[in-house]
Amino acid sequence: MKIDSNIYELRPAKAGKVGKLQSALLAKAKTEPGYRFHSLWDKVWREDVLREAYERCRRKAGAPGVDGVAFEQIEEQGREAWLGKLREELRSGQYRPRALRRVWIPKSGGGERPLGIPTVKDRVVQMAMVLVVAPIFEADLCEEQMGFRPGRDAKTAVRLVYYQVRQKGRSEVVDADLSDYFNTIPHGALLRSLGRRISNGTVLSVIRAWLKAPVEEQKRGRGNSRTTEAKDASRGTPQGGVISPLLANLYFRRFILAWKKFGWDQRTRSVIVNYADDLVICCQPGNGKAAHEAMTRIMEKLGLTVNERKTRLVNVPEGSFDFLGYTFGRFYGRGGAPYTGTRPSKKALQKLLQAIHDETTAQWHASEPEVRTAVINQKLRGWAGYFDQGPVLKEYRTIRKYTERRLRRWLMRRRQKRGTGYRQYPDEYLYGKLGLIELAGSRVDLLNAKARKSEMRAGCGKAARPVRRAGAGNGTVEENEAPGFR
């Protein structure tokens with residue numbers, strides 16, 4: 001999965017009227033699987049729903065859309081007035097989506113992929129729509145789907161794959177790759193999936209307008225170009241749109257239902273684990289080839305394309321594969337004893353080191369050391385918070401040494417000095433004065449960090465002090481077990 005800050009988490013509201021609305025919609029959807037919801041649009045433009053949607057989008061910030069309007073401008077001109085005007089626009093039926101602004105971001109495997117950035121107004125309306133309709137479809141999504149859902153995340157998916165491979169013996173793994181999944185979802189079939197639960201014409205027409213929105217791109221020296229590729233091809237939900245993860249989950253559900261309907265889960269004795277457009281099928285030995293072929297046929301019938309160049313059949317532990325930033329395969333513990341487990345992938349490690357490099361180049365010499373350290377800490381904290389499953393000490397040490405070296409070099413160069421900076425900027429300065437996060441460097445550190453992390457989660461609450469040391473995995477195979485999945 002290409003995780004980035006433009007994808008919005010589809011978590012439910014914690015309390016208040018919006019939370020109660022979502023609970024009621026979810027309960028209705030669960031108790032009546034065939035019920036079609038008709039009175040929804042008036043809930044999208046409810047004052048409390050729009051305010052909640054705005055706050056969520058504001059926290060994510062993000063670049064402006066084609067109109068150039070940013071959250072800072074809205075705040076300066078008056079948030080409540082802006083929300084009131086938007087509410088009236090939605091209530092009266094005058095709302096029309098704007099074009100998407102296309103930007104290109106690097107892909108982990110090389111090349112670039114497009115993001116379609118909606119305007120702030122469209123983002124807020126999409127988030128309001130998500131707040132209303134996501135609970136309805138949450139009742140229908142399959143248990144194999146881990147992406148952008150309450151109570152599930154990428155680490156849950158990683159643990160489930162580990163559990164299936166190691167504990168359940170499903171060691172033949174179809175490591176599948178779909179070609180440009182988000183941009184190839186057929187509009188007709190997707191809208192039928194929406195219509196199975198929603199009969200409100202306004203809701204469906206607005207979603208259809210988002211799907212068919214044109215794209216504007218700034219061409220160097222040639223002004224803006226506008227394309228209508230999504231409308232022309234009747235395919236795609238733009239990455240960067242707030243509602244896109246929900247729509248992608250909804251369409252992927254069709255594959256899982258077809259897989260079970262035709263009995264492939266029983267025939268291949270397999271379990272699917274899906275996160276957005278990432279997919280693995282864990283099979284009992286001898287069934288991987290049949291699962292691969294069946295998966296390809298079903299995807300073709302759904303109008304999707306399997307990238308055969310990147311899709312592999314892996315026999316673990318003889319072979320290894322990467323999933324959501326982790327490498328699954330054979331590793332060696334103390335005394336050289338082999339075991340099947342996980343560790344952060346080389347690609348994930350290299351991506352972080354490159355990010356630290358980029359934050360300590362000459363272009364940042366005007367920045368204050370405390371500011372630069374805070375930026376680096378944010379990246380370290382996020383990385384260590386996710387990559388804390390299984391043995392991670394080796395990667396933590398690599399990151400720690402590299403970060404110290406880059407930060408010292410940057411501190412010297414900004415003063416126009418040569419040298420490594422070890423004498424001028426010792427550990428006491430980096431970790432004491434600047435407050436650089438200290439990744440765990442030993443097994444004892446990892447266990448202590450894990451204990452502190454558990455205490456924080458257990459209810460230390462808002463009064464709890466932040467933990468300076470990052471990294472909470474214990475380096476053991478058992479860390480990856482997922483006993484909740486059978």
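The paragraphs below set out a description of the structure included in this document. (Residues numbered from 1 in each chain as written. Predicted model: local features only at pLDDT ≥ 70, side-chain atom pairs only at ≥ 80, totals over all residues. Heavy atoms only, no water.)

Things to note about the nonpolar core
With 77 residues, the main nonpolar core has M129, F255, W259 and M295 as its most contacted residues. With 13 residues, helix 6 (residues 120-138) is the largest single contributor of residues to this core. Non-local contacts of F255, meaning those with residues more than four positions away in its chain, are made with I272, L279, M295, I298, M299 and L302. Listed in part, the 49 residues of the second largest apolar core include I356, L407, W410 and L411. (Core = buried A, V, L, I, M, F, W, Y, C linked by side-chain atoms within 4.5 Å. Buried < 20%, exposed > 50% of the residue type's maximum accessible area, 1.4 Å probe, protein only. Helix = DSSP H or I, 4+ residues; strand = E, 2+ residues; numbered from the N terminus. Contact = heavy atoms within 4.5 Å.)

What to know about the environment of I117
Among the secondary structure elements, I117 is positioned in strand 2 (residues 112-117). Take I117: its relative accessible area is 5%, and that puts it in the buried class. As for I117 and V215, which are separated by 98 residues in sequence, their C-alpha atoms are 9.0 Å apart.

Regarding the sheet that holds strand 3 (residues 172-177)
Pairing is antiparallel in the open sheet, where four strands are placed in the order 6-7-3-8. For this open sheet the edge positions go to strand 6 (270-275) and strand 8 (312-315), each flanked by a neighbour on one side alone. Across the sheet, the axes of successive neighbouring strands diverge by a mean angle of 20 degrees, strand direction being ignored. Its contacts with the sheet place helix 7 (residues 154-167) against strand 3, strand 6 and strand 7 (278-283), and it is angled at close to 160 degrees to strand 6. (Pairing = 2+ DSSP bridges. Axes fitted to C-alpha atoms, helices over the stretch in contact; angles between N-to-C directions.)

Quick look at the pairing of strand 7
Among the six residues of strand 7, six are classified as buried, and the element is accordingly described as predominantly covered. Relative to strand 7, strand 3 is paired through six bridges, and the arrangement is antiparallel. Across the sheet, residue E172 finds its bridge partner in strand 7, namely C283. Across six bridges, the pairing between strand 6 and strand 7 is antiparallel. Residue pairing for strand 7: V273 is matched across the bridge by V280.

Concerning helix 16 (residues 369-386)
When the terminal C-alpha atoms of helix 16 are compared, their 26 Å separation across 18 residues agrees well with the 26 Å that a helix rising 1.5 Å per residue should span. Within the sequence span of helix 16, burial applies to P369, R372, T373, I376, N377, L380, W383, A384 and Y386. Where the residues of helix 16 are buried, they touch helix 7, strand 10 (326-332), strand 11 (338-344), helix 15 (346-358) and helix 17 (393-414). (Expected span 1.5 Å × (residues − 1).)

Description of the packing of helix 15 against helix 16
One can describe the packing of helix 15 onto helix 16 by two numbers: an axis separation of 10 Å at closest approach and a directional angle of 170 degrees. As judged from the angle between their axes, helix 15 and helix 16 are roughly antiparallel. Between helix 15, through A348, L349, L352, A355 and I356, and helix 16, the contact on the second element is made entirely by K379, L380 and W383. Residues that form the contact of helix 15 with helix 16 fall into these classes: seven nonpolar, no polar and one charged. (Parallel < 35°, antiparallel > 145°, perpendicular 65-115°, else oblique. Nonpolar A, V, L, I, M, F, W, Y, C, P; charged D, E, K, R; others polar.)

Quick look at the sheet that holds strand 10
Strand order in this open sheet of three strands is 9-10-11, and the pairing throughout is antiparallel. Because the sheet does not close on itself, it has two edges, and the strands there are strand 9 (321-323) and strand 11. Across the sheet, the mean angle separating the axes of adjacent strands is 40 degrees when strand polarity is ignored.

Description of the packing of helix 15 against helix 17
The interhelical angle for the contact between helix 15 and helix 17, taken along N-to-C directions, is 15 degrees, at an axis separation of 10 Å. Taken together, the axis directions place helix 15 and helix 17 in an arrangement best described as roughly parallel. Classified by chirality, the crossing of helix 17 by helix 15 is right-handed. Here L349, L352, L353, I356 and H357 of helix 15 come into contact with helix 17, specifically with E395, T398, I399, Y402, T403 and R406. Residue classes in the contact of helix 15 with helix 17 are distributed as six nonpolar, three polar and two charged. (Left-handed = near helix turned anticlockwise from the far one by under 90°.)

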